[in-house]
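Coordinates in review
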There are 2 protein chains.
Amino acid sequence: MKRTKRERQTALKESINENPFVTDEELSAEFDVSVQTIRLDRMELSIPELRERIKHVAVRTFEDEVKSLPIDEVIGEIIDIELDEKAISIFDVKPEHVFQRNQIARGHHLFAQANSLAVAIMNEELALTVKSELQFLRPVKAGQRIVAKATVIDRQPEKNRAFVKVVSTVDQVTVFIGTFEMYRMTEQSEGEAG
Amino acid sequence: MKRTKRERQTALKESINENPFVTDEELSAEFDVSVQTIRLDRMELSIPELRERIKHVAVRTFEDEVKSLPIDEVIGEIIDIELDEKAISIFDVKPEHVFQRNQIARGHHLFAQANSLAVAIMNEELALTVKSELQFLRPVKAGQRIVAKATVIDRQPEKNRAFVKVVSTVDQVTVFIGTFEMYRMTEQSEGEAG
DNA sequence: CCGCTATTAGCACTTGGTACTAATATCAGT
DNA sequence: ACTGATATTAGTACCAAGTGCTAATAGCGG
């Protein structure tokens, strides 16, 4: 079931995007063309080779692992972080994040972005959320980009607590505000909150 | 400044841990021994080769990225519902829902289960969350089953509002409490909250 | 000096490629 | 049907960063 070059290349792009760990040989089998064709396709699409792809994924994680929580556990992409001070992440709302009915983003995605940013900002091996108050001010729709800004507003080191305020905006309009009481988890005490 | 084999191997472990992207050749220069020695060291310490190390980092990231939040309309399975009154759902915590580090479920999954149950309980075409207060009382780990019970505790029909309380338990122990102020969205007014 | 561990060297082989050249296939237009 | 252009396939040499293996050498303790 061969298709045109154009179609194959589109599919190829997608395929590699979905699974960057695929080799040219596997792709050649998948699309029923020679390995060389796959290579030519990659060149034209400027898709790097397997190892480079893997490396990129890995480097991204590793570099961003700043200190506290790995970025790979964050919902949304962190674009700026000052540990224990403030952090910013962006999250692009896609069709899978909204109610089919009215295209409005489901609340837990806004929460997830804000909450994981609150976790990331903590300058600790691991932090957990203890309490939280949320306000969903305006609906967010598919296609919009949510910018979440987190600020540490209070610290209680003796209690292993910190308070983080997250304000999420779309086009400078505030859509969500959340405050999070965070627990700094030390090595031995794995005992509070989820 | 050569040291003993033992010391070198300890340092080697650390060095690779800090920067998994280092090659044997670079390490050989760093420790002023031959590449073969580095290889022997890696064998003895069972540290995989560069590419495998990178791959591991990448796989970790990639899998986590794919995870995030499920697409399903309702997080968890609703096992009982009385519209406008109460509802129960269960959610099995799987490895993909927890922090790798300590196996504790990430907060947004508890929130997602509770919030989507609060949405479901509303006897309306569609409801949105306006405000919410959460308490994460105990950590939940992979393998546990969360039972969330939602109750409508107050109704304000004139304001299109209802208040829902959700209590989540694992083996009869309360792990999470959330209260949700819900907005009943009528056909024309698609205007509040996310 | 023997024995032992540690270290170094060298070679063949592996994966998943790049870079390049050359042959063939396919199709469109005249 | 023939020409050209594009697309595809084949093949070679080469590379990085290894593994696996054998063998030689160094250093030291008794």
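Right, let's walk through the structure included here.

Rules used throughout
- Residues numbered from 1 in each chain as written.
- Chains lettered and ligands numbered in written order.
- Predicted model: local features only at pLDDT ≥ 70, side-chain atom pairs only at ≥ 80, totals over all residues.
- Heavy atoms only, no water.
- Helix = DSSP H or I, 4+ residues; strand = E, 2+ residues; numbered from the N terminus.
- Buried < 20%, exposed > 50% of the residue type's maximum accessible area, 1.4 Å probe, protein only.
- Contact = heavy atoms within 4.5 Å.
- Areas by Shrake-Rupley, 256 points an atom, 1.4 Å probe, with all protein chains shown as cover.
- Pairing = 2+ DSSP bridges.
- Phe/Tyr/Trp six-rings, centres within 6.5 Å; stacked < 30°, edge-to-face > 60°.

To continue, consider the overall build of chain A. Each helix and strand in chain A was counted, giving five helices and six strands. Ordered by position from N to C terminus, the α and β elements of chain A give α-α-α-α-β-β-α-β-β-β-β. Within the span of chain A, comprising 194 residues, buried residues form 49% of the whole. A sequence separation of at least 24 residues applies to 61% of the contacts in chain A between residues at least 6 apart. Roughly 9700 Å² of accessible area belongs to chain A as shown, and the carbon and sulfur atoms make up 46% of that amount.

So, on to the environment of Glu49 of chain A. All names here are of chain A. One can find Glu49 in the loop between helix H3 (35–44) and helix H4 (50–64). With relative accessibility at 36%, the residue Glu49 sits in the partly exposed group. Distance from Glu49 to Phe21, taken between C-alpha atoms, is 9.7 Å for residues 28 residues apart in sequence.

Quick look at the pairing of strand S4 (residues 145–156) of chain A now. Residues and elements named next belong to chain A. Here strand S2 (residues 86–92) runs beside S4; their pairing, made up of seven bridges, is antiparallel. The partner of Ala87 across the bridge, within S4, is Ala150. Sheet topology note: the S4/strand S5 (residues 161–170) ladder contains nine bridges and is antiparallel. Counterpart to Ala148 in the pairing with S5 is Ser168. The hairpin turn running from S4 into S5, its antiparallel successor, is four residues long, and Asn160 in that turn takes a positive phi close to 60°.

Scanning the entire structure with this criterion turns up seven aromatic pairs over all chains. Seen in terms of ring centroids, Phe111 of chain A and Phe180 of chain A are 5.9 Å apart; in terms of plane orientation they differ by 45°. Their pairing is tilted. Taken together, the residues Phe111 of chain A in helix H5 (residues 107–121) and Phe180 of chain A in strand S6 (residues 173–185) connect sequence positions 69 residues apart. One aromatic cluster is present, formed by Phe111, Phe136, Phe176 and Phe180 of chain A together with Phe111, Phe136, Phe176 and Phe180 of chain B through successive ring pairs.

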